[in-house]
Amino acid sequence: MDLSLADFLALPDGAKVPYVGDRAVLYAQQYGRADLDAYCRLADAARAMHGTPEGRQRMGTLLQHRMALNFFVQPSSRTFMSFNTAQAFLGMSRTSLRDPKISSMSKGETLVDSIRTFISYVDLVVMRHGDEHAAATAFWTASRAHRRVTLDDGREVPVPIVSGGSGTKQHPTQALLDVYTLQRSLEPVGGIDGKTIALVGDLARGRTVRSLSYLMRHYRDVTLIFAAPARYQMLPDILEYLDAHGVRWRTADSIDAVVEEADAIYMTRIQDEHDTDKADGHVRAADAFVFRRRHLDAMKPTACLLHPLPKRDEIEEEVDYVDDPRVAYWRQERNGMWMRVAVLATLFGVEGRIGGP
Ligand code: NCD
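About the cut-offs
Residues numbered from 1 in each chain as written. Predicted model: local features only at pLDDT ≥ 70, side-chain atom pairs only at ≥ 80, totals over all residues. Heavy atoms only, no water. 1 Å grid on protein atoms, 1.4 Å probe; cavity = no way out; pocket = protein on both sides within 12 Å on 5 of 7 lines; lining within 4 Å. Points joined across faces, edges and corners; volume = space filled by probe spheres on them. Helix = DSSP H or I, 4+ residues; strand = E, 2+ residues; numbered from the N terminus. Nonpolar A, V, L, I, M, F, W, Y, C, P; charged D, E, K, R; others polar. Near = heavy atom within 4 Å. Polar contact = N/O pair within 3.5 Å; in protein donor to acceptor, adjacent residues only side chain to side chain. Areas by Shrake-Rupley, 256 points an atom, 1.4 Å probe, with all protein chains shown as cover. Sits in = over half its atoms within 2 Å of the grid points. Axes fitted to C-alpha atoms, helices over the stretch in contact; angles between N-to-C directions. Parallel < 35°, antiparallel > 145°, perpendicular 65-115°, else oblique. Left-handed = near helix turned anticlockwise from the far one by under 90°. Contact = heavy atoms within 4.5 Å. Phe/Tyr/Trp six-rings, centres within 6.5 Å; stacked < 30°, edge-to-face > 60°. Buried < 20%, exposed > 50% of the residue type's maximum accessible area, 1.4 Å probe, protein only. Expected span 1.5 Å × (residues − 1). Arc of directions from axis to C-beta.

Caption draft 1: Fine view of the layout of surface pockets. Approximately 480 Å³ is the volume found for the largest pocket. Together, 24 residues line the largest pocket, and Arg128, Arg207, Arg269, Glu273 and Pro310 are the ones closest to its centre. At the level of secondary structure, the elements contributing two or more residues to the lining of the largest pocket comprise helix 5 (78-89) and helix 9 (207-215). By residue class, the composition of the lining of the largest pocket is four nonpolar, 14 polar and six charged. Approximately 220 Å³ is the volume attributed to the second largest pocket. As for the second largest pocket, its lining consists of 16 residues, of which Asp22, Arg23, Tyr39, Thr346 and Leu347 are closest to the centre. Among the elements of the structure, helix 3 (33-50) and helix 12 (329-347) are those that each provide at least two residues to the lining of the second largest pocket. In terms of residue count, helix 12 provides more of the lining of the second largest pocket than any other element does, three residues in total. A breakdown of the residues in the lining of the second largest pocket according to their chemical character gives seven nonpolar, four polar and five charged.

Written as structure tokens, this is what we have:
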């Protein structure tokens, strides 16, 4: 890394990607179709491997000598838990820092100094932070610091940084697990290629839908439908990216308008934690954007319903326990754990040892 932090952060994200390469997980734009296919296969292999006592035991030796820090200073349940579980499956030692008030950041330490300190002790930092530049700052710090991790094949690499959600802009491992869930759900009808995917809810501030949109350009003939009230519509930067890469998209003003056509519906929560004029309680989803039991009846028999979770009122409760394989969001949570095994194994160069019973 020959750039100053300020110069690195000033680059558009697409221009940061070549610096990041495969040494960290910061942006969905880091991944191409071959990577996505390989990660999905690896997640499947991890699932199968963990299904037998011998496989579980072998998996538990792969990163036994590594220590992970889960540095999550924004709320998290699934991402935190699934990274923790994936690390445990791979045999990693783990520590976490979730409350900046009880770290030296409350004494005025900069993020750069904090990260530099963390990587003195650990071999991996998974982080969630409200600042959209935090993960890039951590990556820059790890690249510039002296500490190196020696991989099993002798390569010396900076301590890997993995974003578990960065501001309102990116959530790359969520996008990988969403692709994995879409691929598994749509497998009987030929996978993601050629499909119509509706993204519903708060698209303006939802980092999951943004990261997922970037990845959709790697699938042939995909149509994205952005169904949201005007104030929550997808931002122009993503729409321009899709145009530049020839991905068809349009907007819609209700679930009713897309439900019969969509091969997948991806719901999201109103991200009202970002509201500056925050009233008491949570902002309710507008009626036209609430997924109801009757929508399941209207959906294609081969379609699937996803949500990164947590959810509130944007999915009618009745949908949660209905015995219908199209409701994929609970499986999606567990897919995240297998995908995170795949991501961590790849970062440490042990992906070739994932597989078999
Ligand atoms: C999402 C997030 O944090 O961006 N959750 C997640 O990681 N599964 C979505 C959300 O908070 O609405």
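Caption draft 2: Spotlight on the site of the ligand. Every residue near the ligand is listed here: Thr79, Arg128, His171, Gln174, Arg207, Thr208, Arg269, Gln271, Pro308, Leu309 and Pro310. Here proline 308 contributes a backbone N or O atom positioned 2.9 Å from a nitrogen atom of the ligand. Computed on the free molecule, the ligand has an accessible area of 320 Å², of which 93% lies beneath the protein chains in the complex. When atoms are counted within 2 Å of each cavity's grid points, the one that captures over half of the ligand is the largest pocket.

Caption draft 3: The arrangement of the packing of helix 6 (residues 111-121) against helix 7 (residues 134-144) in detail. Running from N to C, helix 6 and helix 7 cross one another at 55°; their axes reach a closest spacing of 9 Å. Between helix 6 and helix 7, the crossing angle belongs to the class labelled oblique. Note on packing geometry: the crossing formed by helix 6 with helix 7 is right-handed. Where helix 6 approaches helix 7, its residues Leu111, Val112, Ile115, Arg116 and Ile119 are matched on the opposing element by Ala134, Thr137, Ala138, Trp140, Thr141 and Ala142. Within the contact of helix 6 with helix 7, the residues separate by chemical class into eight nonpolar, two polar and one charged.

Caption draft 4: Examining the packing of aromatic side chains more closely. Inspection of the entire model under this criterion finds nine aromatic pairs. Considering the side-chain rings of phenylalanine 8 and phenylalanine 139, the 5.9 Å spacing of their centres and the 40° angle between planes classify their relative orientation as tilted. Here phenylalanine 139 lies in helix 7 and phenylalanine 8 lies in helix 1 (residues 5-10), a separation of 131 residues in the sequence. In terms of burial, phenylalanine 8 and phenylalanine 139 fall into one category: buried. Taken together, the aromatic side chains of Phe8, Tyr19 and Phe139 make up a single cluster linked through ring pairs.

Caption draft 5: Broad picture of helix 12. A rise of 1.5 Å per residue sets the reference length of helix 12, with its 19 residues, at 27 Å; its end C-alpha atoms lie 27 Å apart and thus fit the reference within 8%. With 14 of its 19 residues buried, helix 12 lies for the most part within the structure.

Caption draft 6: Representation of helix 10 (residues 236-244) in the model. Along helix 10, the residues classified as buried are Ile238, Leu239, Tyr241 and Leu242. Along the axis of helix 10, the buried residues cluster in a sector spanning 160°; they form a single face. More than 90 degrees from the buried face of helix 10, the exposed residues found are Pro236, Glu240, Asp243 and Ala244. The secondary structure elements touched by the buried residues of helix 10 are helix 9, strand 8 (223-227) and strand 9 (248-252). Note on helix 10: the residue one or two positions beyond its end, glycine 246, has a positive phi of about 70°.

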